[in-house]
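Residues per chain are reported as follows:
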Amino acid sequence: MSITTSDSEDALASVVVVDYGLGNLRSVTRGLERAGANVEITDDPDAFADADGVVLPGVGAFREGIENADHVRQDLLEVAESGTPLFGICLGMQMLLTTSEEGDNEGESAVQGLDLISGTNVRFAEGQKVPHMGWNQLSVEREHPLVEGIDGEYAYFVHSYYAVPDDGAAAVTTTDYEREFASIVANEDGTVFGTQFHPEKSGETGLQILRNFVEICANA
Amino acid sequence: MVLTKRIIPCIDVDLDDDGNPAVYTGVHFEDLKYTGDPVEMAKAYNESGADEFVFLDITASAEGRETMLDVVRDVADEVFIPLTVGGGIRTTDDIKETLRAGADKVSITTGALERPELVNQGARAFGSQCIVISVDARRRYDEGGEHYVEIDGESCWFECTKKGGREGTGIDVLEWAAEAESRGAGELFVNSIDKDGTKDGYDLPLTSAVCDVVDTPVIASSGCGSPEDMYDVFTEANADAGLAASIFHFDEYSIEETKEYLDERGVPVRL
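The shown structure was predicted, so the numbers you read here are calculated from the model rather than taken from an experiment.

Check the secondary structure of chain B and you find 10 helices and 13 strands. The C-alpha radius of gyration of chain B comes to 17 Å, within 12% of the 18 Å expected for a compact globule of 271 residues. Here the C-alpha coordinates of chain B stretch approximately 50 × 45 × 40 Å along the principal axes. Looking at the 271 residues of chain B, the share that counts as buried comes to 52%. Once local pairs closer than 6 in sequence are excluded, the contacts in chain B between residues at least 24 apart make up 64%.

Turning next to the interface of chain A and chain B. Tallying the contact residues gives 24 residues for chain A and 19 residues for chain B. Mapped onto the side of chain A that touches chain B, the elements with two or more residues apiece are helix H1 (26-34), strand E8 (132-137), strand E10 (154-159) and helix H6 (203-219) of chain A. Taken together, the residues of the side of chain A that touches chain B break down into nine nonpolar, nine polar and six charged.

Residues and elements named next belong to chain B. At a minimum axis separation of 9 Å, helix H6 (residues 173-183) and helix H7 (residues 204-213) run at an interaxial angle of 40 degrees. Of the two possible hands of crossing, H6 and H7 adopt the one that is right-handed. Every residue of H7 that contacts H6 at Val173, Leu174, Ala177 and Ala178 is listed here: Ala209, Val210 and Val213. By residue class, the composition of the contact of H6 with H7 is seven nonpolar, no polar and no charged.

Per the UniProt record, "active site" (unreviewed entry) is annotated on Cys90, His198 and Glu200 of chain A. What stands out for the annotated residues spanning 111 residues is how close their C-alpha atoms remain, the widest pair being 10.9 Å apart. Of the residues examined, Cys90 of chain A has 26 C-beta atoms within 10 Å and is grouped as buried. Contact partners of Cys90 of chain A, with chain neighbours within four places excluded, come to Gly58, Val59, His159, Gln196 and His198 of chain A. Tracing the chain through its elements places Glu200 of chain A in the loop between strand E14 (192-195) and H6. Judged by the 30 C-beta atoms lying within 10 Å of it, Glu200 of chain A is buried. Every residue in contact with Glu200 of chain A, bar those within four places of it in the chain, is listed here: Ser27, Val28, Gly31 and Gly206 of chain A together with Phe80 of chain B.

What follows concerns helix H10 (residues 255-264) of chain B. Residue and element names in this part refer to chain B. Burial in H10 covers these residues: Ile255, Thr258, Lys259 and Leu262. Projected down its long axis, H10 carries its buried residues within an arc of 95 degrees, all on one side. Among the exposed residues of H10, those pointing more than 90 degrees away from its buried face are Glu257 and Glu264. Lining the buried residues of H10 we find strand E1 (6-15), helix H8 (227-235) and helix H9 (246-249). In the stretch just after H10, Gly266 is the one whose phi turns positive, near 85 degrees.

Right, let's get into the environment of Gly88 of chain A. Residue and element names in this part refer to chain A. Relative to the elements of secondary structure, Gly88 occurs in strand E5 (residues 86-89). Counting along the chain gives 31 residues from Gly88 to Pro57, while the straight-line C-alpha distance between them is 5.9 Å. Once you skip the residues sitting within four places of it in the chain, Gly88 turns out to touch Leu56, Met93, Met95, Leu96 and Gly194.

So, about H8 of chain B. Residue and element names in this part refer to chain B. For H8, the set of buried residues is Pro227, Asp229, Met230, Val233 and Phe234. Each buried residue of H8 sits inside an arc of 155 degrees when the element is viewed along its axis, so together they form one side. Buried residues along H8 sit against E1, H7, strand E12 (218-220), strand E13 (241-244) and H10.

Residue and element names in this part refer to chain B. UniProt records the feature "active site" (unreviewed entry) at Asp12 and Asp136, using the numbering of this structure. Within the secondary structure, Asp12 is located in strand E1. Not counting residues up to four positions away in its chain, the partners in contact with Asp12 are Val23, Tyr24, Thr25, Gly26, Leu56 and Ile58. Relative to the elements of secondary structure, Asp136 occurs in strand E7 (residues 131-140). Asp136 gets classed as buried once you count the C-beta atoms within 10 Å, which come to 27. Residues in contact with Asp136, not counting those within four places in the same chain, are Thr109, Cys160, Thr161, Gly164, Gly165, Asn191 and Ile193.

A word on the packing of H1 of chain A against H6 of chain A. Residues and elements named next belong to chain A. Here H1 crosses H6 at 70 degrees, and the two axes come no closer than 8 Å. As judged from the angle between their axes, H1 and H6 are roughly perpendicular. For H1 against H6, the interelement crossing comes out right-handed. For the pair H1 and H6, contact is made by Gly31, Leu32 and Arg34 and by Gly206, Leu207, Leu210 and Val214, respectively.

Right, let's get into the pairing of strand E7 (residues 119-123) of chain A. All names here are of chain A. Relative to E7, strand E6 (residues 99-100) runs parallel, the two being bridged by two bridges. Across the sheet, Ser100 pairs through a bridge with Asn121, a residue of E7. Judged from the five bridges that link them, E7 and strand E11 (residues 161-165) form a sheet pairing that is antiparallel. By the bridge assignment, Val122 is partnered in E11 with Tyr162.

Residues and elements named next belong to chain A. Summarising burial for strand E2 (residues 13-18): six of the six residues are buried, a large majority. Alternating positions in E2 separate into two faces, Ala13, Val15 and Val17 on one and Ser14, Val16 and Val18 on the other, with burial throughout. Bridge analysis of E2 against strand E4 (residues 53-56) gives three bridges, and the strand direction is parallel. From the neighbouring strand, Val16 faces E4, where its bridge partner is Val54.

Cis geometry is found at the peptide bond from Val130 of chain A to Pro131 of chain A, where omega equals 5 degrees. The residue Pro131 of chain A is located in the loop between E7 and E8 in this model. Residues other than glycine seldom take positive phi values, yet Cys90 of chain A does so here, at roughly 55 degrees. Mapped onto the secondary structure, Cys90 of chain A falls in the loop between E5 and helix H5 (91-94). In this structure, Ser222 of chain B is a non-glycine residue whose phi angle is positive, near 80 degrees. Residue position: Ser222 of chain B is located in the loop between E12 and H8.

Rules used in this analysis
- Residues numbered from 1 in each chain as written.
- Chains lettered and ligands numbered in written order.
- Predicted model: local features only at pLDDT ≥ 70, side-chain atom pairs only at ≥ 80, totals over all residues.
- Helix = DSSP H or I, 4+ residues; strand = E, 2+ residues; numbered from the N terminus.
- Rg over C-alpha atoms; globule rule 2.2 N^0.38 Å.
- Buried ≥ 20, exposed ≤ 12 C-beta atoms within 10 Å, placed from the backbone.
- Contact = placed C-beta atoms within 7 Å.
- Nonpolar A, V, L, I, M, F, W, Y, C, P; charged D, E, K, R; others polar.
- Axes fitted to C-alpha atoms, helices over the stretch in contact; angles between N-to-C directions.
- Left-handed = near helix turned anticlockwise from the far one by under 90°.
- UniProt positions renumbered as here; feature names shortened; annotations may be inferred.
- Arc of directions from axis to C-beta.
- Parallel < 35°, antiparallel > 145°, perpendicular 65-115°, else oblique.
- Pairing = 2+ DSSP bridges.

And the structure:
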């Protein structure tokens with residue numbers, strides 16, 4: 001199945017939003033369009049290869065996400081291998097990591113993430129209000145084109161688990177929710193990255209991040 | 001850095017005499033006044049610094065519902081902040097349709113009171129983060145309640161009502177709030193029939209009592225007449241979010257000045 005939602009000649013880049021059967025893709029699609037992208041919502045691997053950038057969205061549980069995306073797993077790894085920008089949002093970001101503590105994810109039945117950024121997703125501590133839901137601040141830890149023009153702005157979060165990359169340098173921004181956690185992560189080459197928050201729900205700050213992403217795609 | 005308190009404008013949408021969607025603002029859940037076009041208002045609030053946006057369908061008719069989903073789509077296309085949609089949601093299919101139309105969360109009142117399993121089903125299928133349980137509370141000064149609070153020397157309890165306060169249920173709001181949370185509600189939306197449209201402040205005893213019995217975020221609603229009312233509900237009742245309609249719709253206060261007022265007094269807000 002493939003739906004092209006916009007076909008503007010002025011588009012700066014063509015972006016694929018991976019449709020693996022999860023949730024509402026409308027907001028992220030509109031956000032990307034507003035940021036100047038031509039968007040195709042699809043799970044067709046041929047489209048991934050042709051796109052200037054690929055977005056892996058997602059809400060819900062790690063196990064369901066990984067299982068639902070299993071049929072495009074190899075293709076997503078190839079996107080990363082080819083250097084095409086791969087952008088995970090929320091659960092999509094968590095799926096870029098090696099594994100997660102969510103949902104009895106141990107032993108033989110454990111599901112593995114894409115392992116494009118090595119690390120684990122862990123749950124917020126007992127006694128904290130979970131999910132971490134609402135607007136919280138981004139502190140930029142290092143340079144990355146995704147955070148061009150961003151520092152200290154607020155973004156909208158909804159999550160119960162957070163990424164702990166093995167290499168602390170993978171954290172592009174951190175956010176404080178009784179502990180500091182990585183709210184944007186990126187691999188060493190900078191071509192695989194993700195936001196724990198929802199840029200498509202984060203007002204002007206989110207749109208700036210989506211514009212930065214489209215720019216990255218256009219220059220890739 | 002902490003999670004900020006959220007300021008949320010809310011529109012009540014009905015069909016006008018020509019069948020076109022229009023925003024109305026009510027007093028005591030009655031006396032509706034035409035306020036504007038839903039999509040235009042959503043657009044304006046998206047630009048104004050609102051932290052979320054709530055859209056309530058008050059048509060409560062099958063034909064109205066189809067039209068409303070179209071309006072939700074149009075609103076969702078303009079709003080790059082979280083969008084909650086409520087009104088007439090009774091089944092998991094209703095939840096699914098509403099989320100597909102672009103809502104990030106659904107707000108459920110009567111549908112959940114009449115069939116509490118809907119909360120579990122919705123949370124399981126779509127995640128707790130998108131299931132908001134809304135209560136329309138009314139103060140009762142009789143002996144039918146479970147939990148009593150003192151208000152101005154009188155002992156009262158809070159009853160869940162249906163149909164915008166027109167029908168009582170005998171269910172204690174505090175019992176229901178705790179049950180809804182245990183069934184998987186991700187947020188509680190607390191309206192007060194006594195305060196709605198009065199603009200003399202939120203029902204602080206009600207909001208505070210609900211905040212005490214649940215851990216999920218509580219959105220206070222009904223009665224906001226000024227930034228000071230927002231301040232009170234955040235600091236005295238510990239609400240996570242404050243919802244308001246008329247003070248923003250009729251430009252009595254802007255969202256920006258409300259946030260500045262709160263910021264100056266040490267309430268964390270997104271500026």
